[in-house]
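Here's the letter readout for the chains.
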There are 2 protein chains.
Amino acid sequence: MHVSPHIPTLDDVANAAGVSTATVSRCLNEKQKVSPKTLSKVMEAVESLGYTPNFNARAMAAKQSHTIGAIIPTMENAIFARGLQAFQETLLEQGYNLLVSSSAYQPKLEAQQIRELVARGADGLLLIGYERDEAVYDYLARRGIPTVLAWASMPDKGHASVGFDNRASMRLLADRVIEMGHRRIAVISGITEGNDRAAGRLAGIQDSWQAHGFDLAALPVIETPYETENGAAAFAELMQAREKPTVVMCGNDVLASGAISKARDLDLDVPRDVSVTGFDDIELAKHVFPALTTVHVPHRQMGRIAAQSLVGLIEKRSEKVTRQLDVSIVMRASLISI
Amino acid sequence: MHVSPHIPTLDDVANAAGVSTATVSRCLNEKQKVSPKTLSKVMEAVESLGYTPNFNARAMAAKQSHTIGAIIPTMENAIFARGLQAFQETLLEQGYNLLVSSSAYQPKLEAQQIRELVARGADGLLLIGYERDEAVYDYLARRGIPTVLAWASMPDKGHASVGFDNRASMRLLADRVIEMGHRRIAVISGITEGNDRAAGRLAGIQDSWQAHGFDLAALPVIETPYETENGAAAFAELMQAREKPTVVMCGNDVLASGAISKARDLDLDVPRDVSVTGFDDIELAKHVFPALTTVHVPHRQMGRIAAQSLVGLIEKRSEKVTRQLDVSIVMRASLISI
DNA sequence: ATGTGAATTGCAAGCGCTTACATCTTTTAC
DNA sequence: GTAAAAGATGTAAGCGCTTGCAATTCACAT
């Protein structure tokens with residue numbers, strides 16, 4: 001015998017409190033428009049019935065969901081964790097909820113998730129980086145969905161964004177590495193296709209390399225997905241070279257920590273035998289041994305500002321802007337002079 | 001001049017295709033009930049208008065969202081990543097979407113998130129562990145929301161669940177540690193209040209300790225939230241003791257990796273000076289140095305089974321079951337005999 | 001008392017979709 | 001050729017909420 005559970009609705013509350021549904025709705029959304037007496041009467045009914053508003057109905061009637069969606073390339077590691085955390089916190093302060101999904105670095109999947117989130121009624125979107133099909137931007141524009149891009153900054157593209165210049169940032173680090181005397185550099189990059197951040201970082205190293213008068217052909221590069229294991233494998237491969245590199249620069253801290261881990265397996269001492277650098281300065285960077293020299297990205301600040309701009313756009317309080325944040329080099333034990 | 005964008009609806013599609021909305025709806029949901037001719041006509045209209053169904057409207061009309069919600073204690077580290085990944089993959093195969101939120105280990109917040117997800121129309125819920133206010137279970141039952149608990153297993157509680165016996169599992173490891181000759185054990189546990197998994201693991205160590213005839217008072221325990229930093233701090237404190245422990249058993253791999261990291265700062269060699277153990281066998285466990293001896297949890301299997309049971313419950317194809325999975329001890333370099 | 005504007009409340013029309021039921025077509029069997 | 005069954009489509013009633021507008025009530029000055 002199965003009694004189908006009755007879930008209380010606005011109507012039930014209205015009846016219980018002896019008012020109209022409109023009044024109950026106001027009690028829930030615009031208290032100031034309601035007399036204190038009715039308010040308490042209604043709230044009592046809400047309590048005693050255990051009423052929870054139906055989100056879907058609300059979103060449909062109000063034509064806004066107070067929900068914003070974020071699609072990040074991966075949740076497998078902590079690359080986006082801190083920034084997203086700050087993003088969410090700020091959103092909550094402003095009365096918005098966050099829905100997150102992951103695209104696994106696949107543009108197709110990202111496009112699908114975007115549709116999914118829009119279909120769910122997201123009032124706005126946070127996307128990572130610039131590079132995606134123009135059709136996606138069209139879709140978003142046609143639907144009038146405010147969107148902010150993060151983790152990158154390309155002011156001339158005309159999109160709202162909050163990020164940093166991946167290329168210039170990595171160049172900063174590469175310049176430093178070369179100044180420290182390194183002349184045999186090898187690179188473990190993320191997959192650059194479809195990933196402007198990875199491409200920018202790689203380009204930054206190449207910029208520096210060429211600016212110092214070296215030959216691009218003499219700069220070994222392996223591209224591999226951002227996973228510890230891959231960093232390890234790539235490192236092993238790079239260390240096979242006849243002329244072993246004196247430093248391995250990695251596209252992010254995850255790859256770098258894989259590299260360090262593999263170095264130990266190979267009985268190589270980091271940094272004595274070979275230096276290693278990362279990018280992002282995620283928590284891991286401090287905790288691997290030796291601690292990683294890396295590029296510090298102001299994740300929390302980025303998340304916070306992204307949330308503010310997005311809400312600004314949604315509530316039409318502000319215009320599209322592109323905020324470029326400063327990064328800094330964090331020198332730790334994994335990199336030494338030569 | 002702002003042209004409010006017109007978002008195509010079912011009506012628009014129906015008009016464009018010259019059929020009723022009912023037919024369009026059928027084309028989208030039950031193709032087999034529609035003639036091939038109309039189907040293609042409708043699909044064309046869908047394409048050309050760039051129509052995407054409105055999720056909220058659909059959920060409201062159909063009284064089901066094909067969405068299931070999961071609330072995990074934290075996204076900050078990878079503890080739940082692999083299991084959740086598998087959970088989601090399996091769900092997708094079955095035609096369901098996943099909404100995840102994090103409770104930050106706060107029961108209050110969890111209760112709120114549960115309401116939030118239910119209000120959003122979740123057809124079912126995945127929760128971690130057993131320990132929560134009875135009112136929460138009541139709420140779920142009253143609303144008829146199928147729920148599966150994971151990461152723990154307490155068959156006599158009468159809840160659907162997929163997990164393992166945290167207490168027995170940790171006891172297995174503790175037995176091993178003691179058999180290997182350790183007599184001075186110290187424990188870094190997660191916060192046990194409100195966390196049956198953490199409590200179970202600690203109890204497992206205590207069980208073993210007492211079963212071997214030792215005094216509970218002689219077993220130093222520090223409880224601290226599951227974060228690397230905290231593991232490090234706790235380790236430092238434990239190593240201050242006059243009688244230094246020969247092994248530090250940690251409530252999970254995150255705490256353990258913090259401990260190892262701190263050991264290095266203190267110029268202590270793991271495992272020569274002190275052994276360290278973890279729990280969970282997350283990816284990190286292989287990559288810290290020395291690699292962690294830990295309890296391997298079949299995360300992916302757990303996630304997969306949880307998804308299957310939950311969908312089974314939702315579609316009334318199966319009954320509540322509690323599945324208990326086997327764990328195993330993974331011996332790595334961080335633990336040696338004495 | 002009485003009128004006035006402001007503060008409250010109720011009415012009812014949707015929001016975009018699904019689905020039971022009714023209606024109309026086509027197929028199939030005899 | 002006809003009747004019955006099967007298949008395809010349409011009609012319309014909601015799902016639970018918000019909100020513009022109209023109706024009512026109230027406080028206060030006159």
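Residues numbered from 1 in each chain as written. Chains lettered and ligands numbered in written order. Predicted model: local features only at pLDDT ≥ 70, side-chain atom pairs only at ≥ 80, totals over all residues.

### Topic: the overall build of chain A
The criterion, for reference: Runs of H or I in DSSP of at least four residues are treated as helices and runs of E of at least two as strands, each being numbered from the N terminus. Note that the radius of gyration is over C-alpha atoms, with the globule rule given as 2.2 Å times the number of residues to the power 0.38. To sort residues by exposure, count the other C-beta atoms lying within 10 Å of each residue's C-beta; 20 or more gives buried, 12 or fewer gives exposed, and values between give partly exposed, all with C-beta atoms placed from the backbone. In this description, any two residues whose backbone-derived C-beta atoms lie within 7 Å of each other are considered to be in contact.
On a plain count of helices and strands, chain A comes out with 13 helices and 12 strands. In terms of overall dimensions, chain A is more spread out than a globule: its C-alpha atoms have a radius of gyration of 25 Å, far above the 20 Å expected for 338 residues. Taken along the three principal axes of its C-alpha coordinates, chain A extends 85 × 50 × 35 Å. Burial analysis of chain A (338 residues in total) assigns 49% to the buried set. Of the contacts formed within chain A by residues at least 6 apart in sequence, a portion of 69% connects residues at least 24 apart.

### Description of helix H1 (residues 10-17) of chain B
Residues and elements named next belong to chain B. Rule in force here: This arc describes the spread of directions from the helix axis toward the C-beta atoms.
All of the buried residues along H1 are Leu10, Val13 and Ala17. All buried residues of H1 fall inside an arc of 65° around its axis, so they share one side. As for H1, its buried residues are in contact with helix H2 (21-29) and helix H3 (36-49). Gly18 sits one or two positions beyond H1 and adopts a positive phi of about 70°.

### Here we look at the interface of chain A and chain B
Note the threshold: Only Asp, Glu, Lys and Arg are considered charged, only Ala, Val, Leu, Ile, Met, Phe, Trp, Tyr, Cys and Pro nonpolar, and every remaining residue, Gly among them, polar.
Tallying the contact residues gives 30 residues for chain A and 30 residues for chain B. Where the side of chain A that touches chain B is concerned, the elements lending two or more residues are helix H4 (55-62), strand S2 (97-102), helix H6 (107-119), helix H7 (134-143) and helix H11 (253-265) of chain A. Taken together, the residues of the side of chain A that touches chain B break down into 14 nonpolar, 9 polar and 7 charged.

### A word on the relation of the copies chain A and chain B
Heads up, the rule is: Least-squares superposition of the copies uses the C-alpha atoms of those residues scoring a pLDDT of at least 70 in each of them.
Turning chain A through 180° and shifting it by 0.1 Å along the axis lays it on chain B, with an RMSD of 0.1 Å. The superposition of one copy onto the other is thereby described by a two-fold rotation axis. Every residue of chain A has its C-alpha some distance from the rotation axis, and the shortest such distance is that of A:Asn56, at 2.3 Å. The share of interface residues of chain A whose copies in chain B are also at the interface is 100%, consistent with both copies meeting through the same surface.

### A short note on the pairing of strand S4 (residues 147-150) of chain A
Residues and elements named next belong to chain A. For clarity, the cut-off: Pairing between strands is defined by DSSP: at least two bridges between the two strands are required. If the strands point away from the viewer and the path from the first strand over the helix to the second runs clockwise, then the crossover is right-handed.
The two faces of S4 match: Thr147 and Leu149 on one face and Val148 and Ala150 on the other face are all buried. Of the pairings in the sheet, the one linking strand S3 (residues 124-128) to S4 comprises 4 bridges and is parallel in character. When the sheet's bridge partners are listed, Leu125 is paired in S4 with Thr147. Taken together, S3, H7 and S4 constitute a β-α-β crossover, and its handedness is right-handed.

### Observations concerning the sheet that holds strand S8 (residues 247-250) of chain A
Sheets are built from strands that pair by backbone hydrogen bonding, the pairs being arranged parallel or antiparallel. Residues and elements named next belong to chain A. To keep things clear, this is the line we draw: Angles shown run from 0 to 180 degrees and are taken between the N-to-C directions of axes, each axis being a line fitted to C-alpha atoms and, for helices, limited to the stretch in contact.
Read from one edge to the other, the open sheet built from 4 strands follows the order S7-S6-S8-S9, with strand pairing classed as parallel. Only two strands of the sheet have a single neighbouring strand rather than two, namely strand S7 (221-223) and strand S9 (275-277). Sheet twist, expressed as the average angle between the axes of neighbouring strands with direction ignored, equals 15°. One ladder, built from 3 bridges, connects strand S6 (residues 185-189) with S7; its direction is parallel. Counterpart to Ser189 in the pairing with S7 is Glu223. Packing of helix H10 (residues 228-238) onto the sheet brings it into contact with S6, S7 and S8, and relative to S6 it is tilted by some 155°.

### Some words on the protein's contact with DNA strand C
In plain terms, the rule: To decide nearness, the C-beta atom of each residue is placed from the backbone, and the residue is near a molecule or strand if that atom lies within 6 Å of it.
The full set close to DNA strand C counts 26 residues, and A:Ala22, B:Leu10, B:Ala22, B:Ser25 and B:Ala61 are the nearest of them. Among the secondary structure elements, those contributing two or more residues to the surface near DNA strand C are helix H2 (21-29) and H4 of chain A together with H2 and helix H4 (55-62) of chain B. Looking at the surface near DNA strand C, its residues break down into 13 nonpolar, 10 polar and 3 charged.

### Re the protein's contact with DNA strand D
Close to DNA strand D lie 26 residues, the nearest being A:Leu10, A:Ala22, A:Ser25, A:Ala61 and B:Ala22. Secondary-structure elements contributing two or more residues to the surface near DNA strand D are H2 and H4 of chain A together with H2 and H4 of chain B. Counted by class, the surface near DNA strand D contains 13 nonpolar, 10 polar and 3 charged residues.

### Regarding unusual backbone geometry
With an omega of 10°, the peptide bond running from A:Val270 to A:Pro271 counts as cis. In this fold, A:Pro271 is placed in the loop between H11 and S9. Here the residue pair B:Phe289 and B:Pro290 is connected by a cis peptide bond, since its omega of -5° sits within 30 degrees of zero. Tracing the sequence through the fold places B:Pro290 in the loop between helix H12 (284-287) and strand S10 (294-296).

### Some words on the environment of B:Asp265
Within the element layout of this structure, B:Asp265 appears in helix H11 (residues 253-265). The class for B:Asp265 is exposed, based on 11 C-beta atoms found within 10 Å.

### Regarding the pairing of S2(A)
Residue and element names in this part refer to chain A. Of all 6 residues making up S2, 5 are buried, and the element is well covered by its neighbours. Note that strand S1 (residues 67-72) and S2 share 6 bridges and pair parallel. Bridge pairing links Ile68 to Leu98 in S2. As a crossover connection, the stretch from S1 through helix H5 (residues 81-93) into S2 is right-handed.

### Description of the environment of A:Asp326
Within the fold, A:Asp326 resides in the loop between strand S11 (322-324) and strand S12 (328-330). For A:Asp326 and A:His296, which are 30 residues apart along the polypeptide, the C-alpha to C-alpha distance reads 9.1 Å.

### Examining the packing of H4(A) against H4(B)
Filter applied, for reference: Should an angle fall under 35 degrees it is called roughly parallel, over 145 degrees roughly antiparallel, and 65 to 115 degrees roughly perpendicular, with every other angle called oblique. Less than a right angle of anticlockwise turn of the near helix away from the far helix marks a crossing as left-handed, whereas a clockwise turn marks it as right-handed.
Direction vectors running N to C along H4(A) and H4(B) enclose 130°, while the axes themselves pass 8 Å from each other. Viewed along their axes, H4(A) and H4(B) adopt a mutual orientation that is oblique. Our pair here, H4(A) against H4(B), has a crossing hand that is left-handed. Together, A:Asn56, A:Ala57, A:Ala59 and A:Met60 of H4(A) and B:Asn56, B:Ala57, B:Ala59 and B:Met60 of H4(B) make up the contact between the two elements. In the contact of H4(A) with H4(B), the residues fall into 6 nonpolar, 2 polar and no charged.

### Remarks on the sheet that holds S4(A)
All names here are of chain A. Ordered in space as S2-S1-S3-S4-S5-S11, the 6 strands form an open sheet in which the pairing is parallel. With one partner strand each, in any of the chains shown, S2 and S11 form the two edges of the open sheet. Strand after strand, the sheet turns through a mean of 15° between neighbouring axes, direction not considered. Running over the sheet, H6 touches S1, S2 and S3 and is turned about 170° from S1.

### Considering the nonpolar core
Note the cut-off: Note on terminology: a nonpolar core is any set of buried Ala, Val, Leu, Ile, Met, Phe, Trp, Tyr and Cys residues joined through C-beta atoms within 7 Å.
Judged by nonpolar contacts, the single largest core of 167 residues is most densely connected at A:Val248, A:Ala259, B:Val248 and B:Ala259. With residues up to four places along the chain from it excluded, the contact list for B:Ala259 reads B:Ile188, B:Gly231, B:Ala232, B:Phe235, B:Val248, B:Cys250 and B:Val276.

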